[in-house]
Protein chains: 2
Amino acid sequence: MRKNVISTKGAYISLGVSVVGKKENDGPLGGSFDIVDPTDSFGMPTWEQSEQEMQRIALGELLRRAGRPPEEFGLLLGGDLQNQCTASAYGLLQYGIPYLGLYGACSTSAEGLLIAAMAVSGGFVSRAAAVTSSHNCTCERIHRNPIEYGGQRTPTAQWTVTGAGAFLVDGRGDVEICEVCPGIPIEMGVKDTANMGAAMAPAALSTIERYLMSSGRRMSDFDAIYTGDLGFEGGSILEELLLADGYTPDGRLKDCGKLIYDRDTQDVHSGGSGCGCSAVVLASYILPRLVSGRERDVLFIATGAMMSPDTIKQGKAIPAVAHLLRLRAEGGM
Amino acid sequence: MRKNVISTKGAYISLGVSVVGKKENDGPLGGSFDIVDPTDSFGMPTWEQSEQEMQRIALGELLRRAGRPPEEFGLLLGGDLQNQCTASAYGLLQYGIPYLGLYGACSTSAEGLLIAAMAVSGGFVSRAAAVTSSHNCTCERIHRNPIEYGGQRTPTAQWTVTGAGAFLVDGRGDVEICEVCPGIPIEMGVKDTANMGAAMAPAALSTIERYLMSSGRRMSDFDAIYTGDLGFEGGSILEELLLADGYTPDGRLKDCGKLIYDRDTQDVHSGGSGCGCSAVVLASYILPRLVSGRERDVLFIATGAMMSPDTIKQGKAIPAVAHLLRLRAEGGM
C-alpha cells in the first residue's frame, strides 16, 4: 500500500550555513555557528525584519561559500513561523530563485530538505536550497506574549531559538539524504502551548516507528537519532514511549533543543525550539560530525506543533508532525 | 543553467472535488460544484472551524469518489490562508496521510499539484492528494476587517472565495500535469492589500514569459491560459504587460477570479480571490473541459500575494509568486 520509506538516493546536503543570535552563541555550540549577531537585531528596526534579514544572510552566505550564483538553483524551499511565513517570502526575495513556501512549524527544516531531496534525486532540478528560521522575539509575540511583557515561563516551556539555517542540496557531497519518511500528523489532546514537547513527542514516535518497521532497520543500526526540538520534557516522553513499545534507544536519542542551550546556566527551562533550532544544530553540529566521520549514519527527525493562537483560543488541541531524513556519510555502508 | 520548465510526465490529475459556500454557487459556475453549504458555516461554531471542515469534507469526498482508502496515499499536500495554515493542519488531521504543509498564499493550489506531480512522476509515491481552501470570513478577519465591521470595499478589492478543492494525483487519468514551472517571487512596490491583482500580475507575467521562452512554445499553442485570481484589475494589467512585451493573447487569457462570480450582480468588485478560488474553478470548470475534450492543452497559473498584516503595517510592499502547470488532455499532442 503506502511506501513509508521513500528512497532519495543521489541527493546530498553539500553545504549548510547557520546564522544565530547571542543566546545561541553563548550556549554549548558557541563558536561553531557561521554568523552571529550579539544584538539579535541584524541591523533591522523590527524583530520581523530581523528574522527576514537572518534568512537573507543565511542564503547569501550559502551562495558565497558554494561559489554558485542564484541562477544555478532550480528550487528554493523556505518556511518559518511568522504569520503568512513572511520571514522567508521577504527575506529570500532578492535572490530570484523559483520558490516554494512551506509551513511545517518547527518541522520545516526537514520538510524543505525532504522536498529538495525528491526534486534532486528525481532529476527535476540539479540544485536546490532549503532555508528556515525562527526568532525568539517574533515567535513569542505571535504565540505567547511580546517579550517586553516579561511573562513568567512555566517549567515545560521551551525557548524559541533565534537562528536561520540554509542548506544546499545537489547531486554530490559528503552527506547523502538517502531516505526520507514524511510524517503523519498526530494530535493527542495536548492544549498547552507552553508544553509543545508533549504535543510533538507522539508525532516523533509515530514517524520513528513507521520508519523502523518499514525499513526493517533497528535503532542500533544508527550512530544517533536526532529529534528537532522536543526539549527535555518532550525528549523524556519520547524515550518513555519508545521503551514502552519495546525499543532500546541505548543513549542514541539526541535532541537539537537540548544540545543548543545549557539548561543549568541559560534559563531556558525545557530547551530550545523553533524552526531555527533543528536547522542551526544540523548545520553547525550534525553535518560536521558526519563530514568528519565521527558519525556515519544518523536519523534526523524535525518535529512541528501546528497550532495557531486562534485554534488554542477556540479550545482545540495541538496537532504535531515529524518528518524524518536518514543522513549517511559518503563512504558509509 | 536553471531548467525553467520541469517535465513531470506520467503524473495525472485523475479526480478533482470542489466544496463551496452560497455566493459561489449563486455565480456563473453554480450547479457545477460538488458540495455546497448555503450557510457557509458547514455546521461549525467558528469560521476558522468552518474552513477546516470544508477541507475535511473535500478530501473525504475525494477518497469516496476515488474508492481509495487513506492508506493508499503516500503524500498529502495542504495549505491555506489561516495563520499557521490551520485549515489544513486541523481539517485534514483525521485521514492519517503523510502531510507536507504549504504556504503559497493563493498560489497554493498549483504549488500542491506541482509537488504532487514531481512526487508521482519521480516514482517517490504512487498516489498523492493536494487540498487547499479559503473562507471569506476567516481571510477578511486576518487581512482586512472582520465582516461584522461592514467595512467599505474599494473598486480594486477582490472577494475571497469560500471554497475548498481537493485533487488526486496518480499515474493515470484524463489530464496529465506534463510540465510545471515554479514561480520566482516578484515585488513591484504595490502596498495596497485591496489591490492584490496589481501586486500579482507581474508575478504571473514573469512565470508565463519564463515558461514560453524556455519551452519554445507560443501562447497560440494553448487553448486557454488560466490565471488563478488576478481578477478584473490584475487581469487587465497582465494583458497590458503581455501586449507591451509583444505577446498576443488573442482572447486566450482567462482568470478564475473573473469566472467564479458575476461582476454585474454579485457586488464582488474586482472578482474572486483566495486559495479556494483557483482550486474550485480548476475542479469544477477547467478539468471537466479537458476531460470532455472542449480544451486539450492549457496553462494553469495560480498566483499568490505573500504579505502579512504585519509586513503591511511595517510599510513593506507585497511580494507575489505564480506557479504554472501545463495540463494536457490525454490523447492530446
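**Quick word on the packing of helix α2 (residues 47-66) of chain B against helix α5 (residues 136-143) of chain B**
Residue and element names in this part refer to chain B. Contact geometry of α2 with α5 gives a least axis separation of 8 Å together with a crossing angle of 130°. In terms of their interaxial angle, α2 and α5 are classed as oblique. You can see that α2 and α5 cross each other, and the crossing is left-handed. Across from W47, E48 and E51 in α2, the residues of α5 making contact are C137, T138 and R141. Each residue belonging to the contact of α2 with α5 can be placed in one class, and the counts come to two nonpolar, one polar and three charged.

**Things to note about the side chain of T162(A)**
All names here are of chain A. Following the sequence through the fold, T162 ends up in the loop between β7 (159-160) and β8 (163-170). For T162, a relative accessible area of 1% puts it in the buried group. Of the polar contacts made by the side chain of T162, one reaches the backbone nitrogen of N136; its length is 3.0 Å. Excluding residues that lie within four positions of it along the chain, T162 makes contacts with V19, V20, G21, E24, D40, M54, S134, H135, N136 and Y261.

**Focus on the packing of aromatic side chains**
Taken as a whole and judged by the stated rule, the model has four aromatic pairs over all chains. Between Y211(A) and F222(A), the aromatic rings sit 6.2 Å apart at their centres with planes inclined by 55°, giving tilted as the arrangement. One end of the pair, Y211(A), is in helix α6 (residues 196-215); the other, F222(A), is in the loop between α6 and β10 (224-227), with 11 residues separating them in the sequence. Exposure class is identical for Y211(A) and F222(A). Each is buried. When the ring centre of W159(B) is taken as reference, the NZ or CZ atom of K23(B) above it lies at 4.1 Å.

**Digging into the nonpolar core**
Residues L59(A), L238(A), L59(B) and L238(B) are the most contacted members of the largest nonpolar core, which totals 121 residues. Beyond its immediate sequence surroundings of up to four residues, L59(A) is in contact with L76(A), L92(A), Y95(A), I97(A), A129(A), V131(A) and A166(A). The next biggest cluster of nonpolar side chains, apart from the first, holds 102 residues, and it includes L102(A), V169(A), V180(B) and L325(B).

**Things to note about unusual backbone geometry**
Residue F42(A) is not a glycine yet carries a positive backbone phi of 50°. Mapped onto the elements of the fold, F42(A) is located in the loop between β3 (35-36) and α2 (47-66).

**Things to note about the pattern of salt bridges**
Think of it this way: side chains of opposite charge can pair up when their charged atoms draw near. Applying the stated criterion across every chain, the model contains 34 salt bridges over all chains. Note that D170(B) is salt-bridged to R127(B), the shortest N-O span being 3.7 Å. With a gap of 43 residues between them, D170(B) in strand β8 (residues 163-170) and R127(B) in strand β6 (residues 127-134) connect regions that are remote in the sequence. Each member of the pair, D170(B) as well as R127(B), carries the same accessibility label: buried. Each of D34(A), E61(A), R64(A) and R65(A) takes part in a single network of salt bridges with overlapping partners.

**Focus: the layout of surface pockets**
Any empty space left between the atoms is revealed when a probe the size of a water molecule rolls over them. Size it by volume and the largest pocket reaches roughly 420 Å³. Every residue lining the largest pocket is counted, 22 residues in all, and those nearest its centre are E140(A), I147(A), G151(A), R153(A) and W159(A). Every element with two or more residues in the lining of the largest pocket is listed here: α1 (22-25), α5 (136-143) and β7 of chain A. Looking at which element gives the most residues to the lining of the largest pocket, the answer is α5(A), with three residues. Here the residues of the lining of the largest pocket sort into six nonpolar, 10 polar and six charged. If you add up the space inside the second largest pocket, you get close to 300 Å³. Lining the second largest pocket are 15 residues, with E140(B), R144(B), G151(B), Q152(B) and R153(B) positioned closest to its centre.

**With respect to the relation of the copies chain B and chain A**
It takes a turn of 180° to lay chain B on chain A, together with a shift of 0.0 Å along the axis; the resulting RMSD is 0.0 Å. The symmetry that links the two subunits is that of a two-fold axis. When C-alpha positions in chain B are compared against the rotation axis, the closest is assigned to L102(B), at 2.1 Å.

**Quick notes on the interface of chain B and chain A**
On the chain A side, the residues contacting the 66 residues of chain B number 66 residues. Between chain B and chain A, the buried area comes to about 5100 Å², and carbon and sulfur atoms account for 62% of it. Counting across the interface, chain B meets chain A through zero salt bridges. At the surface where chain B touches chain A, the tally comes to 32 residue pairs in polar contact (both at pLDDT 80 or more). Contributing elements (two or more residues each) for the side of chain B that touches chain A: β1 (6-7), α2, α3 (86-91), β5 (99-102), α4 (108-121), α5, α10 (309-313) and β14 (320-329) of chain B. Top element by residues in the side of chain B that touches chain A is α4(B). It accounts for six residues. Of the residues that constitute the side of chain B that touches chain A, the class distribution is 35 nonpolar, 20 polar and 11 charged.

**Describing the confidence of the model for chain A**
Averaged over chain A, the pLDDT score is 96; the fraction of residues at 70 or greater is 99%. Taken over the whole predicted complex, pTM reads 0.98, whereas the ipTM for its chain interfaces reads 0.97.

**Side note on the side chain of S134(B)**
All names here are of chain B. By the secondary structure assignment, S134 is in strand β6. From its side chain, S134 meets the backbone oxygen of V161 in a polar contact 2.7 Å long. Of the polar contacts made by the side chain of S134, one reaches the backbone nitrogen of G276; its length is 2.9 Å. Excluding its chain neighbours within four sequence positions, the residues that come into contact with S134 are E51, M54, L81, T160, V161, T162, G163, S273, G274, C275, G276 and C277.

About the cut-offs
- Within any chain, residue numbers begin from 1 and follow the written order of that chain's sequence.
- Chain letters start at A and ligand numbers start at 1, both assigned in the order the entries are written.
- Only residues with pLDDT of 70 or above have their local features reported here, since the model is predicted, and side-chain atom pairs are shown and tallied only from 80 upward, although totals for entire chains, interfaces and linings are computed over all residues.
- Calculation of side-chain values draws on the structure's entire complement of heavy atoms; hydrogens and water are dropped beforehand.
- To get an axis, fit a line to the C-alpha atoms, keeping to the stretch in contact for a helix; angles then go from 0 to 180 degrees between the N-to-C directions.
- Secondary structure is summarised from DSSP: a helix means a run of H or I of at least four residues, a strand means a run of E of at least two, and numbering begins at the N terminus for each.
- Every angle not falling under 35 degrees, over 145, or within 65 to 115 is termed oblique; those three ranges are roughly parallel, roughly antiparallel and roughly perpendicular.
- Should the near helix be turned anticlockwise from the far one by less than a right angle, the crossing is termed left-handed; should it be turned clockwise, right-handed.
- Contact definition: two residues touch when any of their heavy atoms are within 4.5 Å.
- Ten residues, namely Ala, Val, Leu, Ile, Met, Phe, Trp, Tyr, Cys and Pro, are considered nonpolar, four, namely Asp, Glu, Lys and Arg, are considered charged, and the remaining ones, Gly among them, are considered polar.
- Between buried and exposed lies partly exposed: a residue is buried under 20% and exposed over 50% of the maximum accessible area for its type, with that area taken using a 1.4 Å probe on protein chains only.
- Two N or O atoms count as a polar contact when they lie within 3.5 Å, although within protein this holds only if one can serve as hydrogen donor and the other as acceptor, and sequence-adjacent residues are included solely when both atoms are side-chain atoms.
- Think of it this way: a Phe, Tyr or Trp ring, Trp meaning its six-membered ring, pairs with another when their centres are within 6.5 Å, and the plane angle makes it stacked under 30 degrees, edge-to-face over 60, tilted otherwise.
- Charge-over-ring contacts are defined here by two conditions on Lys NZ or Arg CZ: a distance within 6 Å of the ring centre and an angle within 35 degrees of the ring normal.
- Buried Ala, Val, Leu, Ile, Met, Phe, Trp, Tyr and Cys residues form a nonpolar core when they are joined through side-chain atoms within 4.5 Å.
- Whenever Lys or Arg places a side-chain nitrogen within 4 Å of a carboxyl oxygen from Asp or Glu, that contact is recorded as a salt bridge.
- With a 1 Å grid spanning the protein atoms alone, the term cavity applies to any set of points in which a 1.4 Å probe fits but cannot get out, the term pocket to an open set with protein on both sides within 12 Å along at least five of seven lines, and the term lining residue to any residue with an atom within 4 Å of a point.
- Grid points are joined across faces, edges and corners, and a volume is the space filled by probe spheres set on the points.
- When the copies are superposed, the least-squares fit draws on C-alpha atoms of residues that have pLDDT of at least 70 in both.
- As used here, buried area is the combined drop in accessible area, with a 1.4 Å probe, of two parts when they are placed together.
- Per-residue confidence from the prediction method is given by pLDDT, with values spanning 0 to 100.

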